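Letter by letter, the chains look like this.
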Amino acid sequence: STYLRRGLLSSAARSPRLLSSTRLAPSLSQTYAAGMKILAVLYKGGEAAKQESRLLGTVENQLGIRPWLESLGHEYIVTDDKEGSDSVFQKHIVDAEVLITTPFHPAYVTREIIEKAKNLKICITAGVGSDHVDLNAAVEKHIQVLEVSGSNVVSVAEHVIMSILLLVRNFVPAHEMIERGDWQVSDIARNAYDLEGKVVGTIGAGRIGYRVLQRLVPFNCKELLYYDYNALPEEAAKAVGVRRVDDLKDFVSQCDVVTVNCPLHEGTRGLVNADLLKHFKKGAWLVNTARGAICDKDAVAEALKSGQLSGYAGDVWNVQPAPKDHIWRTMKNPLGGGNGMVPHYSGTTLDAQQRYAAGTKSILENYLENKPQEPQNIIIGLSGYETKAYGVRK
Ligand code: NAD
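Predicted model, so just to flag it, every value in this text is computed and none were measured.

Rules behind the numbers
- Residues numbered from 1 in each chain as written.
- Predicted model: local features only at pLDDT ≥ 70, side-chain atom pairs only at ≥ 80, totals over all residues.
- Axes fitted to C-alpha atoms, helices over the stretch in contact; angles between N-to-C directions.
- Helix = DSSP H or I, 4+ residues; strand = E, 2+ residues; numbered from the N terminus.
- Parallel < 35°, antiparallel > 145°, perpendicular 65-115°, else oblique.
- Left-handed = near helix turned anticlockwise from the far one by under 90°.
- Contact = placed C-beta atoms within 7 Å.
- Nonpolar A, V, L, I, M, F, W, Y, C, P; charged D, E, K, R; others polar.
- Pairing = 2+ DSSP bridges.
- Near = placed C-beta within 6 Å.
- Core = buried A, V, L, I, M, F, W, Y, C linked by C-beta atoms within 7 Å.
- Buried ≥ 20, exposed ≤ 12 C-beta atoms within 10 Å, placed from the backbone.
- UniProt positions renumbered as here; feature names shortened; annotations may be inferred.
- Expected span 1.5 Å × (residues − 1).
- Right-handed = clockwise from strand over helix to strand, strands pointing away.
- pLDDT = per-residue confidence, 0-100.

Once that is clear, we can look at the packing of helix 7 (residues 153-168) against helix 10 (residues 207-216). Interaxial distance between helix 7 and helix 10 falls to 9 Å at its minimum, and their mutual angle equals 50°. Our classification of the angle between helix 7 and helix 10 gives oblique. Considering only the axes of helix 7 and helix 10, their crossing is right-handed. Facing Val 153, Val 154, Val 156, Ala 157, Val 160 and Ile 161 of helix 7, the residues of helix 10 in contact are Arg 207, Ile 208, Arg 211, Val 212 and Arg 215. Along the lines of polarity and charge, the residues of the contact of helix 7 with helix 10 split into eight nonpolar, no polar and three charged.

Pasting the structure below:
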């Protein structure tokens, strides 16, 4: 399922294109460029993608930008083959100028890959979350990193609310019981609660975290809390009635439900580890749709097994695709429930795909036409970090 095609030169593309001065050394700013190599690493859509053309983020449907890129004379290589030195990704990254990838099937752009990628100027995330790129290495090599900010934040916030409810209400074992042909209400009800009256807290109160808080308001929770080094504007905090807690251990010790909504970076990798889990309320529920590696895989499985956590749900994994024997697939609480794990899809609903495909095209268009990018999409610009969301920096 590797899609390799050379871009055909259209008459428009045969006329020379002035290269953007931001992509060239100043002395070369009058140089004209031929078609460039654009590499996209997307997930395999299989039969579903053949039947459903709105699955835009797949290798089959290619973000819907092939005709446009080819009409401009560019070479567009699309693949899902991303692991190992023989992969299509590693073969083409050495001279690609643009890399597009999604967080759902990420091409991991390590420091080592960046060293090899001599021609790489811009990494575009078709979606939100650019931790698959070694951002510090990108800064050093002046590689820009952009994402389609906001494109799937409602999609994820809705998934968070669903995940909180399915854990608190003990939904998954109840449904499994029905499929098995059994009917024993007390086995489910013994671990089912209402969300009303519970304390819910978000680690990270950015676009997704805030939308989660907004959606929680009608549930009449006892209290809504947040932990984030960036404070919400006072008006925004007031609108949802959320209280900020400065210390993370103090924060988790007050929550019945914790939802993780911050990016993965040096300051959040393994943030929810065995030590922090000890400070959670006994039997708390944890939802993580941000990035798998923010939570320590084995510590979470252990906390669920011991009943320190009553449930863990999310769609993000420390490695994607997750290996068949990944413990998060099958881990359970002592009553045999509490697992709400699904593959990484909360931010790739058909609605979201339409938005991030359009956003990717618009970032590419700006790049190709040397127009300024939307500031909110820039994670790494030509002179370094332009976001405040990837850790506290000088
Ligand atoms: P955002 O930039 O709007 O908000 C992130 C917030 O996290 C910011 O307020 C930032 O200050 C805060 N933060 C950063 N480090 C922190 C830390 N150490 N402790 C507490 N807060 C911290 O981003 P967003 O649009 O809300 O997205 C957040 C993340 O969600 C993305 O980076 C991505 O990893 C993940 N995401 C997942 C999916 C999915 O499909 N599962 C889709 C979209 C985004």
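Before going further, it helps to examine the sheet that holds strand 14 (residues 309-314). In space, the seven strands of this open sheet follow the order 11-10-9-12-13-14-15, with parallel pairing throughout. Here the strands that pair on one side only, and so sit at the sheet edges, are strand 11 (242-244) and strand 15 (339-341). Sheet twist, expressed as the mean angle between neighbouring strand axes with direction ignored, is 20°. Alignment of strand 9 (residues 199-203) against strand 12 (residues 257-260), held across four bridges, turns out to be parallel. By the bridge assignment for strand 12, Ile 203 is matched with Val 260. Here helix 7 sits on the sheet in contact with strand 12, strand 13 (284-288), strand 14 and strand 15, set at roughly 150° to strand 13.

Another aspect to go through is the environment of Lys 371. By secondary structure assignment, the location of Lys 371 is in the loop between helix 16 (350-368) and strand 16 (378-381). For the pair Lys 371 and Asp 194, spaced 177 residues apart in sequence, the C-alpha to C-alpha distance is 51 Å.

For the rest of this paragraph, the subject is the site of the ligand. The local shell around the ligand holds 33 residues, among which Gly 129, Gly 204, Gly 206, Pro 263 and Gly 347 are the closest. Secondary-structure elements contributing two or more residues to the shell around the ligand are helix 7 and helix 10. Tallying contributions element by element places helix 10 first for the shell around the ligand, with three residues.

Membership of the largest hydrophobic core comes to 104 residues, with the highest contact counts inside it found for Val 98 and Leu 99. If sequence neighbours within four positions are ignored, Val 98 has contacts with Met 36, Ile 38, Leu 39, Lys 121, Ile 122, Ile 124 and Leu 364.

Quick look at the UniProt feature "domain: D-isomer specific 2-hydroxyacid dehydrogenase NAD-binding" (unreviewed entry) in the protein chain now. In this structure's numbering, the residues bearing the UniProt feature "domain: D-isomer specific 2-hydroxyacid dehydrogenase NAD-binding" (unreviewed entry) are residues 162-333. For the annotated span residues 162-333, helix accounts for 38% and strand for 16% of the residues, and the straight-line distance between the end C-alpha atoms is 19 Å.

Now for unusual backbone geometry. Following Gln 320, the chain continues to Pro 321 via a peptide bond in cis, the omega torsion being 0°. Looking at where Pro 321 falls in the secondary structure, it is placed in the loop between strand 14 and helix 15 (327-330). Even without being a glycine, His 142 presents a positive backbone phi close to 55°. Secondary-structure assignment places His 142 in the loop between helix 6 (135-140) and strand 8 (144-147). Note on His 142: 14 C-beta atoms within 10 Å, which makes it partly exposed. Notably, Asn 220 is not glycine yet its phi reads approximately 55°, a positive angle.

Turning our attention to helix 16. Given a rise of 1.5 Å per residue, 19 residues ought to cover 27 Å, and the 27 Å separating the end C-alpha atoms of helix 16 matches this to within 8%. Its buried side turned inward, helix 16 meets strand 6 (98-101), strand 7 (122-125), strand 8 and helix 7. Positive backbone phi, at 60°, marks Asn 370, one or two positions downstream of helix 16.

For the rest of this paragraph, the subject is helix 10. Across the 10 residues that make up helix 10, a large majority, eight, are buried. On its buried face, helix 10 sits against helix 7, strand 9, strand 10 (223-227), helix 11 (234-240), strand 11 and strand 12.

Here strand 10 lies mainly inside the structure; four of its five residues are buried. Alignment of strand 9 against strand 10, held across five bridges, turns out to be parallel. Of the residues in strand 10, the one forming a bridge with Ile 203 is Tyr 227. Since strand 9 and strand 10 lie parallel, the crossover through helix 10 that links them has a hand, and here it is right-handed. The pairing of strand 10 with strand 11 spans three bridges and is classified as parallel.

Right, let's get into the confidence of the model for the protein chain. With 91% of its residues at a pLDDT of 70 or more, the protein chain shows a mean pLDDT of 92. In the predicted complex, the global pTM is 0.91; the interface-specific ipTM is 0.99.

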